[in-house]
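Fold and geometry: a report
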Amino acid sequence: MAKRNNRTGRYEVLIDFTEPLDDMTIYRAGKDKYPRAGYEPTEERIAYLQSDKNALGRPVIAKK
């Protein structure tokens, strides 16, 4: 079972992307913070989005 994210921080969006695990929410670079209020991603999901192993091949979020 995936661990829930216990971190309270939010992340800067580096590249526009759509989050399929958050009802296809679109996050915009320079405008939005990840995650939005009401959505709690797992630690694994955050690590995936911060890595270059995601569908875009480069990090889409970074810790502020």
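Our subject is the structure that appears above.
This report concerns the structure included in the present document. All values derive from a computational prediction rather than experimental measurement. (Residues numbered from 1 in each chain as written. Predicted model: local features only at pLDDT ≥ 70, side-chain atom pairs only at ≥ 80, totals over all residues. Heavy atoms only, no water.)

Let us now look at the sheet that holds strand 1 (residues 11–13). Read from one edge to the other, the open sheet built from three strands follows the order 4-1-5, with strand pairing classed as antiparallel. The open sheet has two edge strands, strand 4 (33–34) and strand 5 (61–63), and neither has a second partner. By the bridge criterion, two bridges tie strand 1 to strand 4 in an arrangement that is antiparallel. Looking at the pairing, Tyr 11 lines up with Tyr 34 of strand 4. (Pairing = 2+ DSSP bridges. Helix = DSSP H or I, 4+ residues; strand = E, 2+ residues; numbered from the N terminus.)

Bringing the environment of Ile 46 into the picture now. By secondary structure assignment, the location of Ile 46 is in helix 1 (residues 43–50). Exposure remark for Ile 46: the relative accessible area of 0% places this residue in the buried category. C-alpha of Ile 46 to C-alpha of Val 60: the two residues are 14 residues apart in sequence and 9.8 Å apart in space. (Buried < 20%, exposed > 50% of the residue type's maximum accessible area, 1.4 Å probe, protein only.)

By secondary structure assignment, the location of Thr 25 is in strand 3 (residues 25–27). A distance of 2.6 Å separates the side chain of Thr 25 from the backbone oxygen of Asp 22, its partner in a polar contact. (Polar contact = N/O pair within 3.5 Å; in protein donor to acceptor, adjacent residues only side chain to side chain.)

A few words now on the nonpolar core. Soluble globular proteins tend to pack their nonpolar side chains together in the buried interior. With 11 residues, the main nonpolar core is built from Tyr 11, Val 13, Ile 15, Phe 17, Tyr 27, Tyr 34, Tyr 39, Ile 46, Leu 49, Val 60 and Ile 61. For this core, the secondary-structure elements that each account for two or more residues are strand 1 and helix 1. (Core = buried A, V, L, I, M, F, W, Y, C linked by side-chain atoms within 4.5 Å.)

Function-wise, these values are silent; they only describe arrangement.
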